[in-house]
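So the chains spell out like this:
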Amino acid sequence: MDILANLLIPLLDLKLLSLIAVGTLAGIYVGAIPGLSVTMAVSILISFTFSWDVYPALALMIGIYMGGVYGGSRTAILLNIPGAPSAIATAMDGYPLAKKGMAGEAIGIVTVVSFFGGFIGILALALFAPLLADFAIRFQPRDYMMLAVLGILLVGSLSGGNLVKGIFAGALGIGIGAVGMDPLTFTERFTFGTSALQAGVSFVAVMIGMFGISEGLQQLHTINTPGVKQKIGRIVPSWSLVKKHIPLGMQTSTIGAVIGALPGTGGDIAALMAYDHATRVTKNPEVPFGQGAIEGLVAPETANNAAVGGAFIPMLTLGIPGDAVTAIMIGALFIHGLNPGPMLMVEQPDMFWFIVSSLTLANIFMLIFGLTGIKTFVKIVELPRSVLLPVILLLSIVGAYAVNNSVTDVYWMLGFGVFGYFMKCYGYPLGPVILGVILSRLLDDNWRRAIISDQESLWMLLKGTLASPLSLVLFATVLLIFVSKTPIWGMIFRKKA
Amino acid sequence: MQDNEPRRPGELAFNIALFLVSLFLLYSAYSISGFEALSAPGAVPMATTAVMVITAGLTLRQTLRKPALTAEKLSRDIIPMPVIVTIAAVVLYALLLSPLGFLPTSVLFLFGLIWYLSARGPVFSIVVSLVTVAMIYLIFRLIFTVLMPPGIVPEGEMIAWLRGLFSAGN
């Protein structure tokens, strides 16, 4: 009965209910606008909601989080600019669909499967929190390290064939992420003696540059062609279309919830892994992947929304953030005098069930706002490109500036934008750069922890990897992905044939 | 993985530059802590820059094998005038942001670019710029409380006046 009473708290309180609704709607727009990130919005909200009670503060943040993860898909489909990293995979098939005049259908199906994925994630949070927390606690540093490599390799392998360029881009990203003072030894890395580089390169500036500016510059080539009128036809997808993709959606939602539950990995990796999974299990897609396959939308969008529920599992049971947004939320809980960790669920079960229930409501609001507001949203895209592009550039500049109130970040953004533009011109994928930057710290820290605990011996590290079933599976997956994309794979199979 | 498309203008120079920069970064990573220990702060940077050198080298070899003949031109297909003008506009924006302030710089930026890129007249461009900047300002400054450089605009007085207006209405 207690659980039910706690679950009903946000439903019966009109103020909380409206805060979740407002948060979700705002989240959709924040997630969709390149340069505005959910992480940024939630971190700013902490200062807004400092004096609020914990329930309303959490309600608003949960709404923004849920809406934002979904919102990133909007601009990925309409403009080929993922509004958030978790929508990188969505652009691969979403934009080709929009170019075919099927933006409405794409957004419709994405909304429904996001709701579906979100629901599975919340279910996982409610049912399997203790079990999954047990699983995650067994992860060794070497496993985190391999997970990071896996994430980067996956994006590289999705880059449309040229794995070499994909790996270069991933390595470049890790390098960019390493710039600045090493947090463990305070040694300067890639600072070239300048103090401006000691704090590192702002990740947001890199991301806005690579995805906002370079895409803007790329679109200048076609500025004089008539603007892309994204025709919005049917939005609500047919039941038969949804039904057809439920089996895949179940699998990719599970991937999303599990990946989301792993500390440090969020919707972005979940979406990419799910996309990769879909390309492997879908034998005959009606449309090839990368050209507008519905499976290419279902997989990442179920997974990234399922990862939201998943990300709360380590946050609430272990006190470890599942991703950047939950990291900020942990900060918010601390501010409100709560102590996320194993004891939270014992001492304050009401908080746990309140979060479960708020997530569920945010998920429902996401479905409602997602299916109803599309035409208004698309009006923004229907503006002439000669007007839209300068506005996107201005938003990108403001976004890059706003992170640290620094003009230097604007230069960084422009530098990475121009560099990204040339990379695009010459066939280098940009996704792995961003993944590399995000995962650089995770990879570096865990590599060092792993090798120190194995007494600086590669042999011991390998022995440890082979002895642990979990590490072995991860190691084998990394190897498999690498080998399957190299000519060696083709040679083996040609010989067999 | 071998693509036989012709080499694009500037592609060779770009890949040579990437290879050289990767070599320099490898050297720079080596100078962090050398081969001191596998857990040294320079270990992961050295490994990643080594991967960059190898992959940039492989790509350079691929590029050299591509036929150089192409109908594309550097000035038309890779860096056409609108791209150069836009990059210059962003640089100008960054230069003017602190001295002029957010509002005038943004209006100038949008007005200039919209006028240059669209076939519409200056009146259209200035109206669109003013309305857009006003909206962005309201969202960022007042709702998200992002502080933008005020520059020559007496922003503090403006906000105080706006607040006065609202409180007078209450």
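Residues numbered from 1 in each chain as written. Chains lettered and ligands numbered in written order. Predicted model: local features only at pLDDT ≥ 70, side-chain atom pairs only at ≥ 80, totals over all residues. Heavy atoms only, no water.

Draft legend 1. Highlighting the overall build of chain A. For chain A, the count of helices and strands is 23 helices and two strands. Counting over 497 residues, chain A shows a buried share of 61%. Across chain A, every contact between residues at least 6 apart in sequence was considered, and the portion connecting residues at least 24 apart equals 78%. Of the accessible surface of chain A, which amounts to about 18,600 Å², a share of 69% is contributed by carbon and sulfur atoms. (Helix = DSSP H or I, 4+ residues; strand = E, 2+ residues; numbered from the N terminus. Buried < 20%, exposed > 50% of the residue type's maximum accessible area, 1.4 Å probe, protein only. Contact = heavy atoms within 4.5 Å. Areas by Shrake-Rupley, 256 points an atom, 1.4 Å probe, with all protein chains shown as cover.)

Draft legend 2. Quick peek at the side chain of histidine 245 of chain A. Relative to the elements of secondary structure, histidine 245 of chain A occurs in the loop between α10 (239-244) and α11 (246-261). Look at histidine 245 of chain A and you get buried, because its relative accessible area is 5%.

Draft legend 3. Structural context of the side chain of aspartate 182 of chain A. Positionally, aspartate 182 of chain A belongs in the loop between β1 (180-181) and β2 (188-189). Judged by its relative accessible area of 0%, aspartate 182 of chain A is buried. Here arginine 448 of chain A takes part through its side chain, which lies 2.7 Å from a polar atom of the side chain of aspartate 182 of chain A. If we ignore the near neighbours within four places in the chain, the residues touching aspartate 182 of chain A are Thr187, Arg189 and Arg448 of chain A together with Pro41 of chain B. (Polar contact = N/O pair within 3.5 Å; in protein donor to acceptor, adjacent residues only side chain to side chain.)

Draft legend 4. Spatial organisation of the domain arrangement of chain B. You can read the domains of chain B as domain 1 (11-77) and domain 2 (80-167). The centre of domain 1 of chain B, based on its C-alpha atoms, is set 39 Å off from the matching centre of domain 2 of chain B. (Domains from an automatic or database assignment.)

Draft legend 5. A look at the interface of chain B and chain A. Taken together, the contact pairs 69 residues of chain B with 64 residues of chain A. Between chain B and chain A, a total of about 5,600 Å² is buried, with carbon and sulfur atoms accounting for 80% of that surface. Counting the contacts that link chain B with chain A gives zero salt bridges. At the boundary of chain B and chain A, one finds nine residue pairs in polar contact (both at pLDDT 80 or more). (Buried area = accessible area lost by both parts, 1.4 Å probe. Salt bridge = Lys/Arg side-chain N within 4 Å of Asp/Glu carboxyl O.)

Draft legend 6. Broad picture of the packing of α11 of chain A against helix α13 (residues 295-317) of chain A. Residue and element names in this part refer to chain A. One way to put it is that α11 packs onto α13 with a least axis distance of 6 Å and a crossing angle of 35 degrees. The crossing of α11 and α13 is right-handed. Between α11, through Leu248, Gly249, Thr252, Ser253, Gly256, Ala257, Gly260 and Ala261, and α13, the contact on the second element is made entirely by Glu295, Val298, Ala299, Thr302, Ala303, Ala306, Ala307, Gly310, Ala311, Ile313 and Pro314. Taken together, the residues that form the contact of α11 with α13 break down as 11 nonpolar, seven polar and one charged. (Axes fitted to C-alpha atoms, helices over the stretch in contact; angles between N-to-C directions. Left-handed = near helix turned anticlockwise from the far one by under 90°. Nonpolar A, V, L, I, M, F, W, Y, C, P; charged D, E, K, R; others polar.)

Draft legend 7. Quick peek at unusual backbone geometry. Residue and element names in this part refer to chain A. Its identity is not glycine, yet phenylalanine 186 carries a phi of approximately 60 degrees, on the positive side. Even without a glycine there, the phi angle at phenylalanine 190 is positive, about 50 degrees. Positionally, phenylalanine 190 belongs in the loop between β2 and α9 (203-219).

Draft legend 8. Just a nonpolar patch on the surface, in detail. On the surface, a cluster of nonpolar side chains totalling about 630 Å² of accessible area is made up of Phe192 of chain A together with Phe24, Tyr27, Tyr30 and Phe35 of chain B. Relative to the elements of secondary structure, phenylalanine 24 of chain B occurs in helix α1 (residues 11-33). (Patch = residues over 30% accessible without salt bridge, like charges linked within 9 Å, V, L, I, M, F, W, Y side chains within 5 Å.)

Draft legend 9. Examining the environment of alanine 274 of chain A more closely. All names here are of chain A. Within the element layout of this structure, alanine 274 appears in helix α12 (residues 267-281). Taking the C-alpha atoms as reference points, alanine 274 and glutamate 301, 27 residues apart in sequence, are found 8.8 Å from one another. Once residues lying within four places of it in the same chain are set aside, the contact partners of alanine 274 are Thr252, Ile255, Ala299, Pro300 and Ala303.

Draft legend 10. Highlighting the packing of aromatic side chains. All names here are of chain A. According to the stated counting rule, one finds 17 aromatic pairs over all chains in the structure shown. Plain terms: the ring middles of tyrosine 65 and phenylalanine 312 are 6.0 Å apart, the flat faces sit at 45 degrees to each other, and that makes the pair tilted. Here phenylalanine 312 lies in helix α13 and tyrosine 65 lies in helix α4 (residues 54-79), a separation of 247 residues in the sequence. Across the pair, phenylalanine 312 and tyrosine 65 agree in class, each one buried. (Phe/Tyr/Trp six-rings, centres within 6.5 Å; stacked < 30°, edge-to-face > 60°.)

Draft legend 11. Summary view of the pattern of salt bridges. All names here are of chain A. In this structure the tally under the stated criterion is nine salt bridges over all chains. Between arginine 448 and aspartate 182 there is a salt bridge whose closest N-O contact spans 2.7 Å. With arginine 448 in helix α20 (residues 431-453) and aspartate 182 in the loop between β1 and β2, this residue pair connects regions lying 266 residues apart in the sequence. Accessibility assignment for this pair places arginine 448 and aspartate 182 in one class, buried. Here aspartate 444 and arginine 189 are joined by a salt bridge, their closest N and O atoms 2.7 Å apart.

Draft legend 12. Main features of the nonpolar core. Core analysis: the largest hydrophobic core is formed by 75 residues, its most contacted members being Met210, Met413 and Met423 of chain A together with Phe102 and Phe109 of chain B. Looking at this core element by element, the count peaks at 10 residues for helix α18 (residues 385-404) of chain A. Viewed by domain, this core spans two of them, domain 1 (11-77) and domain 2 (80-167) of chain B, each represented by three or more residues. In contact with phenylalanine 109 of chain B, other than residues within four places in its own chain, are Pro390, Leu393, Leu394 and Ile397 of chain A together with Ala89, Val90 and Tyr93 of chain B. Counting residues in hydrophobic clusters, the runner-up holds 60 residues, among them Ile28, Ala307, Met366 and Ile481 of chain A. (Core = buried A, V, L, I, M, F, W, Y, C linked by side-chain atoms within 4.5 Å.)

Draft legend 13. Region of the structure containing the environment of tyrosine 275 of chain A. Residues and elements named next belong to chain A. Take tyrosine 275: it is sitting in helix α12. In this structure tyrosine 275 comes out as buried when scored by relative accessible area, which is 4%. Residues tyrosine 275 and methionine 491, 216 residues apart in the sequence, show an inter-C-alpha distance of 26 Å.

Draft legend 14. Representation of the confidence of the model for chain B within the structure. Looking at chain B as a whole, its pLDDT mean stands at 86, while 92% of the residues score no less than 70. In the predicted complex, the global pTM is 0.72; the interface-specific ipTM is 0.89. (pLDDT = per-residue confidence, 0-100.)

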